[in-house]
Amino acid sequence: MAEQKNGLEGYFVTKGSKKLRYGYTTGSCAAAAAKAATWMLLSQKKIEKIDLLTPRGILLHLMPLDVCFDEQQASCAIRKDGGDDPDATDGLLVYAVVSKCGKTKEEQVFIDGGKGVGRITKPGLEQPVGAAAINRVPREMITEAVREVCEMCEYSEGIKVCISIPGGEEVAKKTFNPRLGIEGGLSVLGTSGIVVPMSEKALIASIRLEMEMKRKNGAKYLLLTPGNYGADFVKENTKFDVESSMKCSNYVGETLDMAVELGFLGVLFVAHIGKFVKVSGGIMNTHSRHSDARAELMCAHALRSGADLETAKAILETITTEEAMEIIRMHGLQDAVMEQMAEKVHQYMQHRVEGAIQTEAILFSNRFADRAFGVYSSGLAAGVAASFKKTIVV
């Protein structure tokens, strides 16, 4: 029997002489399982394959496993395939159990997590305390997939979806979930629905290639974000063209080095404090496996800004920078802390480039999304304050 094609056969990256396969995320697994189970519940027919269009635009063809359904409930699983990317969740079954329910005015699809899916126990993460650790994009994917089937089957009532990952509790112990305050299992993740295998060297090379292209096309300054949070902030809060920005992932130091080497005049980073609080301590690779001194650095900035000992101790007990910022905000120190952080970020970036180019940053916290802080020099940031759509401190 020929192996079923999943839609990723033509997608790979090359590392040396090896071709590394793409994979798909736990979010894609959850959405596909929910879509297949909903179809079987509403049609009362078994299916051998389910199609799922990922946010990246790649159409997946996945096989529902362990299928079970009757007139009230249906369940099935999709096996996670991380491609050739090192992934602790590779091979796990992601289940969706769906059932009919009433519909509210606002919602048709109700999503929760079951066994093997973690629960949020600390504030400051993407989902609220008590919620299943199913991130925003996977929730949107599940909702869209289920609604699509409901429309096809002319079903207008509600659907409950429960996602579970058998074995997820044990696998989660190998991840940062316990440290982040996510207990009982894994997170359902993914912003594109696709896993792209990428070594650090290859990723830095791809960043350099994009920088080279911009320089060859006449760019003198770079607008940089570590990832999607920074890009979303640019799009939603500024008049900057987000399409002109580029992502540098965790490689702040390497990006600065390459900017100097390629002859740029300056760089402007737009970054969430969860990443750039590390830069304020001279840490130039912000990946958690390299370093994590977020609480300590938040505490240091708070002390410099006038925090007392009890406040400092409370900050040191936090899991996330947003949680720390909530404490700082309660004591009225947010402006001073953010300004202190921005100053240190500027200082350490200038140290990295040895003053060869301008290095500036806009830092923001989701706890007060209407405010941002930065240190700017006149040449790079002329008109920066006027570029904001909202009233933002700079």
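Residues numbered from 1 in each chain as written. Predicted model: local features only at pLDDT ≥ 70, side-chain atom pairs only at ≥ 80, totals over all residues. Heavy atoms only, no water.

**Describing the overall build of the protein**
Now for step 1: What the protein contains, in helices and strands, is 13 helices and 20 strands.
Now for step 2: Computed over C-alpha atoms, the radius of gyration of the protein comes to 23 Å, within 12% of the 21 Å expected from 2.2 N^0.38 for 394 residues, which places it in the range of a compact globule.
Now for step 3: The C-alpha extent of the protein, read off along each of the three principal axes, is 65 × 50 × 40 Å.
Now for step 4: By the burial criterion, 49% of the 394 residues in the protein qualify as buried.
Now for step 5: Contacts in the protein between residues far apart in sequence, at least 24 positions, make up 67% of those at least 6 positions apart.
Now for step 6: Entry remark: accessible area of the protein is about 18,800 Å², with carbon and sulfur atoms responsible for 51%.
Now for step 7: Considering the protein, the positive charge centre built from 47 side chains and the negative charge centre built from 49 side chains are found 3 Å apart. (Helix = DSSP H or I, 4+ residues; strand = E, 2+ residues; numbered from the N terminus. Rg over C-alpha atoms; globule rule 2.2 N^0.38 Å. Buried < 20%, exposed > 50% of the residue type's maximum accessible area, 1.4 Å probe, protein only. Contact = heavy atoms within 4.5 Å. Areas by Shrake-Rupley, 256 points an atom, 1.4 Å probe, with all protein chains shown as cover. Lys, Arg positive; Asp, Glu negative; His and termini not counted. Charge placed at Lys NZ, Arg CZ, Asp CG, Glu CD.)

**Digging into the pattern of salt bridges**
Now for step 1: By the definition in use, this model includes 12 salt bridges.
Now for step 2: As a salt-bridge pair, Lys 173 and Glu 170 come within 2.9 Å of each other at their nearest N and O atoms.
Now for step 3: The partner of Asp 292 in a salt bridge is Arg 294, with the nearest N and O atoms 2.7 Å apart.
Now for step 4: By relative accessible area, Asp 292 is classed as partly exposed at 24%.
Now for step 5: Classification of Arg 294 by relative accessible area gives buried; the value is 18%. (Salt bridge = Lys/Arg side-chain N within 4 Å of Asp/Glu carboxyl O.)

**Regarding the packing of helix H10 (residues 309-316) against helix H11 (residues 321-330)**
Now for step 1: Closest axis-to-axis distance for the H10/H11 pair is 9 Å, and the angle between their directions is 165°. Relative to H11, the element H10 is oriented roughly antiparallel. Between H10 and H11 lies a crossing of right-handed hand. Of H11, the residues touching H10 (which contributes Thr 311, Ala 314 and Ile 315) are Ala 324, Ile 327 and Ile 328. (Axes fitted to C-alpha atoms, helices over the stretch in contact; angles between N-to-C directions. Parallel < 35°, antiparallel > 145°, perpendicular 65-115°, else oblique. Left-handed = near helix turned anticlockwise from the far one by under 90°.)

**Comments concerning the state of the cysteines**
Now for step 1: As enumerated under the stated definition, the model contains 0 disulfides in all.
Now for step 2: No disulfide involves Cys 153; its sulfur sits 7.4 Å from that of Cys 150, the nearest cysteine.
Now for step 3: Since its relative accessible area comes to 25%, Cys 153 is described here as partly exposed.
Now for step 4: Left without a disulfide partner, Cys 162 is nearest to the cysteine sulfur of Cys 101, which lies 13 Å away. (Disulfide = S-S within 2.5 Å.)

**Describing unusual backbone geometry**
Now for step 1: For Gln 44, which is not glycine, the phi torsion reads 60° and is therefore positive.
Now for step 2: With respect to the helices and strands, the residue Gln 44 is situated in the loop between helix H1 (26-43) and strand S4 (50-53).
Now for step 3: Positioned with a positive phi, Ser 249 is a non-glycine residue whose angle comes to about 55°.
Now for step 4: Considering the arrangement of structural elements, one finds Ser 249 in the loop between strand S17 (246-247) and helix H7 (252-261).
Now for step 5: Residue Ser 249 is classed as partly exposed on the basis of its relative accessible area of 22%.

**Here we look at the sheet that holds strand S12 (residues 158-164)**
Now for step 1: Read across the open sheet, the 5 strands follow the order S6-S7-S8-S12-S9; overall the sheet is mixed. With one partner strand each, in any of the chains shown, strand S6 (65-69) and strand S9 (109-113) form the two edges of the open sheet. With direction set aside, neighbouring strand axes in the sheet form an average angle of 15°.
Now for step 2: Bridge count for S9 against S12 is 5 bridges, and the pairing is parallel. Residue Val 109 lies in a different strand from S12, and its bridge partner there is Ile 159.
Now for step 3: Strands in contact with H1 are S6, strand S7 (73-79), strand S8 (93-101) and S12; relative to S8, the strand with the most contacts, it is inclined by about 40°.
Now for step 4: Of the strands in this sheet, S9 and S12 touch helix H2 (residues 136-152), which is tilted by about 135° from S9. (Pairing = 2+ DSSP bridges.)

**Focus: the pairing of S4**
Now for step 1: Every second residue of S4 is oriented toward a common face, the buried set being Ile 50 and Leu 52 and the non-buried set Asp 51 and Leu 53.
Now for step 2: By the bridge criterion, 4 bridges tie S4 to strand S5 (residues 59-62) in an arrangement that is antiparallel. Each residue of the ladder has a partner; that of Ile 50, found in S5, is Leu 62.
Now for step 3: What sits between the antiparallel neighbours S4 and S5 is a turn of 5 residues, in which Gly 57 has the positive phi angle 100°.

**Observations regarding the packing of H7 against helix H12 (residues 334-353)**
Now for step 1: As a packed pair, H7 and H12 sit with axes 9 Å apart at the nearest point and diverge in direction by 50°. Here H7 is positioned oblique relative to H12, judged by the angle of their axes. The two elements H7 and H12 cross, and the hand of that crossing is right-handed. Residues Gly 253, Glu 254, Leu 256, Asp 257 and Val 260 of H7 form the contact with H12, whose participating residues are Met 349, Arg 352 and Val 353.

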